[in-house]
Amino acid sequence: MSFEVLGLAPKILQAVQEAGYTEPTPIQTAAIPPIIAGHDLIGIAQTGTGKTAAFTLPMLTKLAAAQAAAGPNRRTRVLILAPTRELVVQIEENIRAYAKHLPLTIATVFGGVGEQPQIRALRSATDIVVACPGRLLDLLGRRNGDFSGLEFLVLDEADRMLDMGFLPSIRQIVRQLPKQRQTLMFSATLSKEIEGLTHEFQRAPKIVQIGRRANPAETVTQLVYEVPRHLKTSLLIHLLKEPNMDMVLIFSRMKHAADRLARQLEQAGIKTATLHSNRSQNQRLRALQDFKSGHVRVLVATDIAARGIDVDGISHVVNYDFPMHVEDYIHRIGRTGRANQIGDAISFVTNEDHGELRALERFIGRGLVRKKAEGFNYTAAAPPYNPAEEGRHPRHQQQRGQRPPRNDQRGQQNSSRPSAAPRPPQGGRPQFGARPQNARPQFGGGQRPPSEPASGNREGGNERHFPSTAPRPGGFRRRFGAR
Ligand code: AMP
């Protein structure tokens, strides 16, 4: 299949070619024609499948055609809503690359930074607005922006927006949009709540589902390293000596633990950046840029901060802390092996994690390969206690060896979580529609703590204020079969 047969405008085909894409991904093949034909669409696809281009390329094709017919526009024509600032910026970068031969204007709107540039962009009827719901609603409420001529609404990572409690804001925004519009929605999973959203916001949507629901990308090799809890950092440092670990994203469950781990890696001579919601917008952007540019080869992140990350060439994802939710596992490992690249996902599993590991294996329908690091001493004693390290945050003063509270994002302790190997999810995998609102499929069947409020610090940033990096060309460093 080639891009030529999908009906895209010549200027967009040119941009796609310049991005180095030689053939469309499955979600692109399936989604582009119905969007060009004018249908609403619900796309069920994992991150890393090329879904941003799947909705952007046909939209741009239609915008270009309408623009040619009607001349310059005076109102915003496309609104894309996404859950995190990182994802908003990522989408914007992609659109800029795909629209580079079109005279379209693009702006981003998200909280945490000055609103004036965003207000100016909204007032000047920017063609395409990519926004987090909280800040956009805030600005719209003060009569900034005219969406009365809107042609497209896109809800990206709709499942995550629901999880994060954005539904009321989205409803209020959608109320201000014309009913006559094309609505595209993308989600990693199809749940009852997502079906509810399609009924509420879409008209007879076509459904495009790629791959098994929540199935990890097939290009990712998943490995488990069983390790005593006190040796996790030593094992990580040991593994990072491997020369092929050239771009490594490490997941830590807690923000402060992420900082501490980064310090320990730095002490071991490994340049490391960190990404979590306690860091300022500029620190986060700098961390991402350093990682993307290869200035640092290791990035330590928490789940939510890493949501929007689209970095080509991530060679390894390391679950330093085993994730609590099936979806977090899928999203984490989806950071590598993107768009047919290959990558390794390494999970550290301690004695306390075995219940979650079994639940995950049941969920994905197979056992994961266990690996032992060569030359690593698994029987070493715990490193000497370092009160200076431990005492940096009150939470670290908890008894050593005790499992940390599971929700790092706001430092709340989840009292409902069983401490020993928990029960697997009912029937071995989360049921469609069986989960309560604002809950995600979870290892062990425990309750998820309440989401960070929609207006919380996960949104933030600035309008268009750091260099746009085009989606990486197809010349991926590590293509399937190429290593
Ligand atoms: P997404 O799922 O939208 O986050 O895209 C994941 C990555 O795949 C991005 O880095 C895109 O630049 C890249 N990509 C999208 N479409 C293609 C394609 N047809 N061929 C190669 N890479 C692509």
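Residues numbered from 1 in each chain as written. Predicted model: local features only at pLDDT ≥ 70, side-chain atom pairs only at ≥ 80, totals over all residues. Heavy atoms only, no water.

Looking now at the overall build of the protein chain. What the protein chain contains, in helices and strands, is 15 helices and 14 strands. When each of the 483 residues of the protein chain is scored for burial, the buried share is 61%. For the protein chain, long-range pairs separated by at least 24 residues make up 79% of all intrachain contacts whose partners lie at least 6 apart in sequence. Working note: accessible area of the protein chain is about 19400 Å², and carbon and sulfur atoms make up 50% of it. (Helix = DSSP H or I, 4+ residues; strand = E, 2+ residues; numbered from the N terminus. Buried < 20%, exposed > 50% of the residue type's maximum accessible area, 1.4 Å probe, protein only. Contact = heavy atoms within 4.5 Å. Areas by Shrake-Rupley, 256 points an atom, 1.4 Å probe, with all protein chains shown as cover.)

Bringing the packing of helix α10 (residues 232-239) against helix α11 (residues 255-267) into the picture now. Two elements in contact, α10 and α11, have axes whose closest approach is 11 Å; the angle formed by their N-to-C orientations is 50 degrees. If you check the angle between α10 and α11, you find them oblique. Seen from above, α10 lies across α11 with right-handed handedness. Residues T233, L236 and I237 of α10 lie in contact with α11, whose contacting residues are L261, Q264 and L265. (Axes fitted to C-alpha atoms, helices over the stretch in contact; angles between N-to-C directions. Parallel < 35°, antiparallel > 145°, perpendicular 65-115°, else oblique. Left-handed = near helix turned anticlockwise from the far one by under 90°.)

On strand β2 (residues 78-81), burial covers both faces: V78 and I80 on one face and L79 and L81 on the other are all buried. Pairing geometry for β2 and strand β4 (residues 128-131), over 4 bridges, is parallel. By the bridge assignment for β4, L81 is matched with A131. As paired elements, β2 and strand β5 (residues 152-155) share 4 bridges and run parallel to each other. Residue pairing in the sheet places V78 in a bridge with F152 of β5. (Pairing = 2+ DSSP bridges.)

This part is about the sheet that holds β2. Taking strand neighbours across the sheet as the criterion, the 7 strands line up as β3-β4-β2-β5-β6-β1-β7 in an open arrangement whose pairing is parallel. Across the chains shown, the open sheet's two edge strands, defined by having one partner strand only, are β3 (106-109) and β7 (206-209). Each strand of the sheet is rotated relative to its neighbour by a mean of 15 degrees, with strand direction disregarded.

Here we take up unusual backbone geometry. For A125, which is not glycine, the phi dihedral falls at a positive 55 degrees. Within the element layout of this structure, A125 appears in the loop between α5 (116-123) and β4. We classify A125 as buried; its relative accessible area is 13%.

Spatially, β10-β11-β9-β12-β13-β8-β14 is the arrangement adopted by the 7 strands of the open sheet, whose pairing is parallel. Unpaired on one side and paired on the other, β10 (272-275) and β14 (369-370) mark the two borders of the sheet. Relative to strand β12 (residues 316-319), strand β9 (residues 248-251) is paired through 4 bridges, and the arrangement is parallel. Looking at β12, one finds that L249 is bridged to V317. Here helix α12 (residues 281-293) sits on the sheet in contact with β9, β10 and β11 (298-301), set at roughly 135 degrees to β10. Where helix α14 (residues 354-364) meets the sheet, its contacts fall on β8 (220-226), β13 (343-349) and β14, and the angle it forms with β8 comes to roughly 155 degrees.

Here we come to helix α1 (residues 10-18). The set of residues buried in α1 consists of I12, L13, A15 and V16. Buried residues along α1 cover an arc of 160 degrees about the axis, so they all sit on one side. Facing away from the buried surface of α1 by more than 90 degrees, the exposed residues are P10 and Q17. Of the residues trailing α1, G20 is marked for its positive phi of about 90 degrees. (Arc of directions from axis to C-beta.)

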